[in-house]
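# Fold and contact review
Listed here are the chains, written in short residue letters.
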Amino acid sequence: MEQNELTPVRRRGFLGLMLGGLGAALGAMFAWPVLRYLSPRSGGGADSQARVTRDKVPVGGAFLLEFRGRPAVLLQPKAGDFVALSAVCTHLGCIVKWQKDKGEFLCPCHGGRFSNTGEVLGGPPPKPLESFKVALEGDEIVIG
Ligand code: FES
């Protein structure tokens, strides 16, 4: 028998190594999306700010944006009066929708309702929407 010939024992070892490598590759393939989902987004630090020009927020209307890596909404209930709120429902995390005709938010998941200042008006949400500091700088609204 020649030295380079694969014996059954060496063949089994090679197949075990290949199956182990394949298993590790498949494990990494499934773990990567889970780890990406669980890790915080970059640029979402607690001290970050967002800027929106005033003309994007109509009186009585809402402007959706991403703030600190999460959905947020900017309102102008009265002319020159701006409110910034998280758009994430405090019940189970669905994204609330602005109902311009009613002047309130509705959560499409379980019917939670919030006022234009984020206070709970009805439904299962246990606490108000998170609110953010708003400042005016010239033609811009600065959130955060
Ligand atoms: S997630 Fe909004 S009411 Fe349940």
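Everything discussed here concerns the structure shown above.
Turning our eyes to something else, we now look at the overall build of the protein. Scanning the protein from terminus to terminus reveals one helix and 11 strands. Listing every helix and strand of the protein by position from the N terminus yields α-β-β-β-β-β-β-β-β-β-β-β. By the burial criterion, 26% of the 144 residues in the protein qualify as buried. Restricting to contacts in the protein with at least 6 residues of sequence separation, those with at least 24 account for 40%. Counting only carbon and sulfur atoms, one obtains 58% of the accessible surface of the protein, whose full area is about 9700 Å².

For the rest of this paragraph, the subject is the sheet that holds strand β6 (residues 104–106). The sheet built from four strands is open, its strands ordered β5-β6-β7-β8 with antiparallel pairing. Sheet topology places β5 (97–99) and β8 (120–122) at the edges, where each strand pairs with a single neighbour. Pairing between β5 and β6: three bridges, direction antiparallel. Its bridge partner being in β6, Q99 is matched across the sheet by E104.

Applying the stated criterion across every chain yields a total of two aromatic pairs. Centroid distance F67 to F132: 4.7 Å. Interplanar angle 70 degrees. Geometry classified as edge-to-face. Here the residue F67 occupies a position in strand β2 (residues 62–67), and F132 occupies one in strand β9 (residues 131–132), the gap between them amounting to 65 residues. Given a relative accessible area of 13%, F132 falls into the buried group.

Taken together, the side chains of L19, L22, L26, M29 and F30 present a nonpolar region at the surface, about 550 Å² in accessible area. By the secondary structure assignment, L19 is in helix α1 (residues 8–38).

Rules used throughout
- Residues numbered from 1 in each chain as written.
- Predicted model: local features only at pLDDT ≥ 70, side-chain atom pairs only at ≥ 80, totals over all residues.
- Heavy atoms only, no water.
- Helix = DSSP H or I, 4+ residues; strand = E, 2+ residues; numbered from the N terminus.
- Buried < 20%, exposed > 50% of the residue type's maximum accessible area, 1.4 Å probe, protein only.
- Contact = heavy atoms within 4.5 Å.
- Areas by Shrake-Rupley, 256 points an atom, 1.4 Å probe, with all protein chains shown as cover.
- Pairing = 2+ DSSP bridges.
- Phe/Tyr/Trp six-rings, centres within 6.5 Å; stacked < 30°, edge-to-face > 60°.
- Patch = residues over 30% accessible without salt bridge, like charges linked within 9 Å, V, L, I, M, F, W, Y side chains within 5 Å.
- Salt bridge = Lys/Arg side-chain N within 4 Å of Asp/Glu carboxyl O.

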